Amino acid sequence: RLIEEEASDIEEKIAELFFEVLGCSKFSKYSSYFALGGNSLSAIRLAKKMSAVFETKVSVSILLKFDSVYKLAEYWQHVRAKINDHQLAAQEGEL
């Protein structure tokens, strides 16, 4: 789906969700969701799909702020790192 040859697994997952919601065939990971034809109603659908795939709440406001596959992947990697840090701290506290 992405025109870039190199993409992370997270970028590929997010691109697939963009495709499911928008139906666009090929696009750049730097393209804005809204420039690709997304709107507030489709953003709600995308947020629900992302929440299910990534097993954490993704709000429409996140999609407004991080509106491309690239930006969303960067955001998700940051969130995942925080979750991992929190889990590690909790495990260390249990020892």
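Look up a bit, the structure's there.
The sections below set out a description of the structure shown in this document.

What counts and how
- Residues numbered from 1 in each chain as written.
- Predicted model: local features only at pLDDT ≥ 70, side-chain atom pairs only at ≥ 80, totals over all residues.
- Heavy atoms only, no water.
- Salt bridge = Lys/Arg side-chain N within 4 Å of Asp/Glu carboxyl O.
- Helix = DSSP H or I, 4+ residues; strand = E, 2+ residues; numbered from the N terminus.
- Buried < 20%, exposed > 50% of the residue type's maximum accessible area, 1.4 Å probe, protein only.
- Contact = heavy atoms within 4.5 Å.
- Polar contact = N/O pair within 3.5 Å; in protein donor to acceptor, adjacent residues only side chain to side chain.

Further remarks concern the pattern of salt bridges. In a structure, side chains of opposite charge can pair up when their charged atoms sit close to one another. Within the structure shown, the criterion is met by four salt bridges. Salt-bridge contacts for Arg1 lead to Glu16; the nearest nitrogen and oxygen are separated by 3.3 Å. Within this pair, whereas Arg1 is found in the segment before α1 (9-22), its partner Glu16 is found in helix α1, the two being separated by 15 residues in sequence. On the basis of relative accessibility, which here comes to 30%, the residue Glu16 falls in the partly exposed class. With its nearest N and O atoms 3.4 Å apart, the salt bridge here joins Asp67 to Lys71.

On to the environment of Ser28, then. Along the chain, Ser28 falls in the loop between α1 and α2 (40-54). The spatial distance from the C-alpha of Ser28 to the C-alpha of Asp85 is 31 Å, given a sequence separation of 57 residues. If near-sequence neighbours (up to four positions away) are discounted, Ser28 is found in contact with Leu2, Ile3 and Glu4. A distance of 2.6 Å separates polar atoms of two side chains, one belonging to Ser28 and the other to Glu4.

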